[in-house]
Amino acid sequence: MLTIKAFHIILVVSWFAGLFYLPRIYVNLAAITDTQSAEYQRLLGMSRRLYRFVTPIGLGAVILGLWLWFGYGFAGGWLHAKTLLVVFLLGYHFYCGRLYRQFAAGQNTHSHVWYRWFNEIPVLMLTVITLLVVLKPF
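I will try to describe carefully the structure that is included in this document. (Residues numbered from 1 in each chain as written. Predicted model: local features only at pLDDT ≥ 70, side-chain atom pairs only at ≥ 80, totals over all residues. Heavy atoms only, no water.)

Looking at the nonpolar core
Step number 1: In terms of nonpolar packing, the biggest core is built from 32 residues, with Tyr 26, Leu 29, Leu 89, Cys 96, Phe 103 and Tyr 115 touching the most fellow members.
Step number 2: Of all the elements in the fold, those that place two or more residues in this core are α1 (2-31), α2 (38-72), α3 (77-104), α4 (112-118) and α5 (121-135).
Step number 3: If we ignore the near neighbours within four places in the chain, the residues touching Tyr 115 are Pro 23, Tyr 26, Val 27, Ala 30, Leu 99, Phe 103, Asn 108 and His 110. (Core = buried A, V, L, I, M, F, W, Y, C linked by side-chain atoms within 4.5 Å. Buried < 20%, exposed > 50% of the residue type's maximum accessible area, 1.4 Å probe, protein only. Helix = DSSP H or I, 4+ residues; strand = E, 2+ residues; numbered from the N terminus. Contact = heavy atoms within 4.5 Å.)

Focus: the packing of α1 against α2
Step number 1: Between α1 and α2, whose axes approach to 7 Å, the crossing angle comes to 155°. Taken together, the axes of α1 and α2 are roughly antiparallel relative to one another. Between α1 and α2 lies a crossing of left-handed hand.
Step number 2: Here the contact of α1 with α2 is built from residues that sort into 24 nonpolar, eight polar and one charged. (Axes fitted to C-alpha atoms, helices over the stretch in contact; angles between N-to-C directions. Parallel < 35°, antiparallel > 145°, perpendicular 65-115°, else oblique. Left-handed = near helix turned anticlockwise from the far one by under 90°. Nonpolar A, V, L, I, M, F, W, Y, C, P; charged D, E, K, R; others polar.)

Here we look at the side chain of Ser 37
Step number 1: On the secondary structure map, Ser 37 appears in the loop between α1 and α2.
Step number 2: Assessed through its relative accessible area of 18%, Ser 37 is described here as buried.
Step number 3: Separated by 3.2 Å, the side chain of Ser 37 and the backbone nitrogen of Tyr 40 make a polar contact. (Polar contact = N/O pair within 3.5 Å; in protein donor to acceptor, adjacent residues only side chain to side chain.)

Quick notes on the side chain of His 93
Step number 1: Relative to the helices and strands, His 93 resides in helix α3.
Step number 2: If sequence neighbours within four positions are ignored, His 93 has contacts with Trp 15, Leu 19, Tyr 51, Val 54 and Thr 55.

So, the packing of aromatic side chains
Step number 1: Inspection of the entire model under this criterion finds 12 aromatic pairs.
Step number 2: On the numbers, 6.5 Å between centres and 90° between planes, the contact of Tyr 115 with Phe 118 is edge-to-face. Residue Tyr 115 and its partner Phe 118 are both found in helix α4; the two are separated by three residues, about one turn of the helix.
Step number 3: Positioned above the aromatic ring of Trp 78 is the side chain of Lys 136, whose terminal nitrogen or guanidinium carbon lies 4.6 Å from the ring centre. (Phe/Tyr/Trp six-rings, centres within 6.5 Å; stacked < 30°, edge-to-face > 60°. Lys NZ or Arg CZ within 6 Å of the ring centre and 35° of its normal.)

Digging into the environment of Gly 77
Step number 1: In this fold, Gly 77 is placed in helix α3.
Step number 2: What makes Gly 77 partly exposed here is its relative accessible area of 28%.
Step number 3: Each C-alpha atom, one on Gly 77 and one on Glu 120, is 25 Å from the other, the two residues being 43 residues apart in sequence.

With respect to the packing of α1 against α5
Step number 1: Closest axis-to-axis distance for the α1/α5 pair is 9 Å, and the angle between their directions is 150°. Relative to α5, the element α1 is oriented roughly antiparallel. Together, Phe 16, Leu 19 and Phe 20 of α1 and Pro 122, Val 123 and Leu 126 of α5 make up the contact between the two elements.
Step number 2: Class assignment for the residues of the contact of α1 with α5 results in six nonpolar, no polar and no charged.

Thoughts on a nonpolar patch on the surface
Step number 1: On the surface, Met 1, Leu 2, Trp 67 and Tyr 72 cluster together to form a nonpolar patch covering roughly 480 Å² of accessible area.
Step number 2: Its location among the elements puts Leu 2 in helix α1.
Step number 3: Taking the relative accessible area as the measure of exposure, Leu 2 reaches 65% and is therefore exposed. (Patch = residues over 30% accessible without salt bridge, like charges linked within 9 Å, V, L, I, M, F, W, Y side chains within 5 Å. Areas by Shrake-Rupley, 256 points an atom, 1.4 Å probe, with all protein chains shown as cover. Salt bridge = Lys/Arg side-chain N within 4 Å of Asp/Glu carboxyl O.)

Some thoughts on unusual backbone geometry
Step number 1: Positive phi, close to 45°, is recorded for Lys 136, a residue that is not glycine.
Step number 2: Relative to the helices and strands, Lys 136 resides in the segment after α5.

Taken by themselves, the reported measurements are silent on function.
In C-alpha cells form, the structure reads like this:
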C-alpha cells in the first residue's frame, strides 16, 4: 500500500502542476485580442496539449486515491471533506477543458483578471486538502 500511496502523491503533484499552469496560459490568452495571431495560436496549442497531458494524470491520481480508500477504509470526517474537495477539483479540471473549447472557438467571455483569480482556486484547494490529510482535524 505504501507504493500505491507514493504513486498517488506523485500523480497528485503532477496533476496540480497542470492545474496551476493551465489557467495561467488562459490569463495570457485572454489578454490577446487577435485570435488569429501566432501568439494566440501558440498558447492555444500549449493549453490543448497540457490539458490532454494532465487529464489522465488526474484520473490516475483519483483511481489510486480510491484504491487507498478501499485499502485503508473510509473513516474520519477529514476524509469526507477531502473527498468532497477532490470532486470539486475534478469539476474545476473539466471546466478548464470547457474554457479551452471556448478559447478555441473564439468565444472567451472572461477577462484576464478573472483568470488570475480563477488561477488561485487550485492553490486554495491544495492548501486545505494538505491540511486535512496531515492534521486529520476531525
